[in-house]
Amino acid sequence: MTMTKRPNILFILSDDQGAWALHSAGCYELQTPRLDWLAKRGTRFENFFCVSPVCSPARASIFTGTIPSVHGIQDWLRGGNIDLAQYPALNGDSRYAEESKAIPYLEGLTCYTDMLAKAGYRCGLSGKWHMGDSVHPQHGFTEWYTIAKGGCPYYKPDMVRDGNIETLEGQYVTDLITDDAISNLQRYAKGNQPFYLSVHYTAPHAPWDEANHPKKFLDLYRDTDFPSVANEPLHPWLTLAAPYKPGPEGRKAQIRGYFAAISAMDEAIGRILDELARLGLEENTIVIFTSDNGMSLGQHGVWGKGNGTFPQNMYDSSVKVPCIISWPGHVPQDRVDQSLLSHYDLFPTFLDVLGLERPETCQPLVGTSFAGLFQGQELRQSDRPVVVYDEYGPVRMIRTKRWKYVMRIPYGPDELYDLFSDPDEHDNRINDPGLQKQRQELREQIIAWFTAYVDPARDASHECNTGYGQLRRVGTKSEGKPVFSEEGPYRRSVQNAFDRFAKPDRQQP
């Protein structure tokens, strides 16, 4: 697709927001008026998937267009975010206890922002990075305002600007990110370059307690029992670190904080969209809203995302994410698209829409472009593969329109769901005698796909990933040290799981 003037791109990424967590997606208690308005102005995707149901690998796959077993970020980054020796004032701060040196995890890989910058775009980041070396701008970014580690308290964020880390007491991180994004838009409006602006919120990631969110948003949900959110018995694999609070009031308190974080972000996104219109940039700007991964708040009895359980889970509430795309005059308005799409598909889509050629040095891209959307075409499943693959450590998933097969290497247990008869994934039919042929076909397909794409030196199925954080590079670059954190509340969860699965009558989900 060619054009005389390339469009700007405003890419808004939330943190831990399930596809279900939008008013327009059927969560009727949740107030998201600006995102609902954006969906009316564009296309909302009903079946959009992350690549890995945890933040750092999911984000890295968005920007590199490839899988964790290639880019090497296979869990959320507990280490490698900052060089602690450069910030002596942070020594003794428990938040940085596992930091030592900064690791640019994506070094040597091509991000789509590298290509945009080379094509003349000015690229800015306002918000969470969490893909290693948070202090130094990288991969084509000029403006760089981020968070030192990735997660932070909402009213005590540790923000990075110009190589400095400053803890800002009493300032709401959602507003800080928004203010910086608006400043960037104002700067870009004065220039002649097309721009790419990543606005990466920490919302609605935990914490969700009353002290972390403005009262006006908490009060929106003070008197609701959240009937749209599934309330199921606790999953037998729930980890000890899961954000679960017992009892009806504990449940409501957690969901209230989660919803408040989303509504506060929704209002902030509205401020950005209003400024985009005021500056006269709206007509030539592609706006994309999505989330890094999903989140369960009781669905399947899980509290958390992929690592809310051990072994890690691949339920749709963990792997499906919201996605809304708007571009006046190009993207169909007020449409809900049912196509199976993935964050893998963003990189090749950007290339097609902007008329860019993939350099020979770029890693293989595993997604499929859906650029036809930007030409006003309706996507049809018959036009493209109807398969989505996910990966979290040794847990891998294949998801078609009808079937989901989860393969856990090496111990299992595996799962098989018929999504036509069981869309909520409650009936694991892995041992159904009548489905063994279907199971085998899916197994062969998933093995063949990952065999074709993995980097053997970074193959996640060879790593002991517990879901409690990655400390350093995987494979031969680990320097013989543990790659994944073995301490903390996951440790007993992991041991309990191994004890349970060692028994002949091990529990199925």
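Residues numbered from 1 in each chain as written. Predicted model: local features only at pLDDT ≥ 70, side-chain atom pairs only at ≥ 80, totals over all residues. Heavy atoms only, no water.

Enquirer: Lay out the layout of surface pockets with the relevant residues and their values.
Expert: In this structure, the largest pocket spans a volume of roughly 880 Å³. In this structure, the largest pocket is lined by 38 residues; those nearest its centre are Trp-76, Arg-78, His-205, Ala-206 and Lys-305. For the lining of the largest pocket, the residue count by class is 19 nonpolar, eleven polar and eight charged. The space that makes up the second largest pocket amounts to roughly 680 Å³. In terms of lining, the second largest pocket is formed by 31 residues, of which the most central are Trp-20, Asp-316, Lys-320, Pro-423 and Asp-424. Mapped by element, the contributors of at least two residues to the lining of the second largest pocket are strand S2 (43-49), helix H8 (316-319) and strand S13 (335-342). Looking at the lining of the second largest pocket residue by residue, the class counts come to 13 nonpolar, nine polar and nine charged. (1 Å grid on protein atoms, 1.4 Å probe; cavity = no way out; pocket = protein on both sides within 12 Å on 5 of 7 lines; lining within 4 Å. Points joined across faces, edges and corners; volume = space filled by probe spheres on them. Nonpolar A, V, L, I, M, F, W, Y, C, P; charged D, E, K, R; others polar. Helix = DSSP H or I, 4+ residues; strand = E, 2+ residues; numbered from the N terminus.)

Enquirer: Which residues make up the packing of helix H5 (residues 173-189) against helix H7 (residues 247-278), and what values do they have?
Expert: Any two packed helices are characterised by the angle at which their axes cross and by the distance between the axes. Two elements in contact, H5 and H7, have axes separated by 10 Å at closest approach and are oriented at 10°. Between H5 and H7, the angle is such that the two are roughly parallel. Judged by residue contacts, Thr-174, Asp-175, Thr-178, Asp-179, Ala-181, Ile-182, Leu-185 and Gln-186 of H5 engage Ala-264, Met-265, Ala-268, Arg-271, Ile-272, Glu-275, Leu-276 and Arg-278 from H7. Split by residue class, the contact of H5 with H7 holds eight nonpolar, three polar and five charged. (Axes fitted to C-alpha atoms, helices over the stretch in contact; angles between N-to-C directions. Parallel < 35°, antiparallel > 145°, perpendicular 65-115°, else oblique. Contact = heavy atoms within 4.5 Å.)

Enquirer: Residue-level account of empty space enclosed by the protein, with values.
Expert: Counted according to the given criterion, the structure contains one cavity of 30 Å³ or more. Every residue along the wall of the largest cavity is listed here: Trp-37, Leu-38, Arg-41, Leu-273, Leu-276, Glu-282, Thr-285, Val-287, Ser-326 and Pro-328. Elements represented by at least two residues in the lining of the largest cavity include exactly helix H1 (33-40), H7 and strand S8 (285-291). In terms of residue class, the lining of the largest cavity is made up of six nonpolar, two polar and two charged.

Enquirer: A description of the state of the cysteines should follow, citing residues and the corresponding values.
Expert: Counted according to the given criterion, the structure contains zero disulfides. The cysteine Cys-111 is free of any disulfide, with Cys-362 supplying the nearest cysteine sulfur at 9.1 Å. Cys-111 gets classed as buried once you look at its relative accessible area, which sits at 0%. Cysteine Cys-123 shares no disulfide, and the gap to the nearest cysteine sulfur, in Cys-111, comes to 10 Å. (Disulfide = S-S within 2.5 Å. Buried < 20%, exposed > 50% of the residue type's maximum accessible area, 1.4 Å probe, protein only.)

Enquirer: How would you sum up unusual backbone geometry? Please name residues and give values.
Expert: Look at the link from Ala-203 to Pro-204: it is a cis peptide, with omega at 0°. Mapped onto the secondary structure, Pro-204 falls in the loop between strand S7 (195-200) and helix H6 (215-218). Residues other than glycine seldom take positive phi values, yet His-139 does so here, at roughly 55°. Tracing the chain through its elements places His-139 in the loop between strand S3 (122-127) and strand S4 (141-147). What makes His-139 buried here is its relative accessible area of 12%.

Enquirer: Any details on the pairing of S4? Residues and values, ideally.
Expert: In terms of burial, S4 is largely enclosed, as six of its seven residues are buried. The pairing of S3 with S4 spans four bridges and is classified as parallel. Within S4, the position partnered with Leu-125 by the bridge is Trp-144. With three bridges joining them, S4 and strand S5 (residues 158-161) adopt antiparallel strand pairing. Within the sheet, the bridge partner assigned to Tyr-145 lies in S5 and is Arg-161. (Pairing = 2+ DSSP bridges.)

Enquirer: Quick one: what's the story with the side chain of Asn-313, residue by residue and with numbers?
Expert: Here Asn-313 shows up in the loop between strand S10 (303-304) and H8. Taking the relative accessible area as the measure of exposure, Asn-313 reaches 1% and is therefore buried. Polar side-chain contacts of Asn-313 include one of 3.4 Å to the backbone nitrogen of Tyr-315. The residues touching Asn-313, leaving out its near neighbours within four places in the chain, are Pro-53, Val-302, Lys-305, Gly-306, Gly-308, Ser-318 and Arg-408. (Polar contact = N/O pair within 3.5 Å; in protein donor to acceptor, adjacent residues only side chain to side chain.)

Enquirer: Account for the environment of Gly-42, naming residues and giving values.
Expert: By secondary structure assignment, the location of Gly-42 is in the loop between H1 and S2. By relative accessible area, which is 0% here, Gly-42 ends up buried. C-alpha separation for the pair Gly-42 and Val-331, spaced 289 residues apart in sequence, amounts to 5.9 Å. Residues within four places of Gly-42 in sequence aside, it is in contact with Ile-325, Ser-326, Val-331, Pro-332, Gln-333, Asp-334 and Arg-335.

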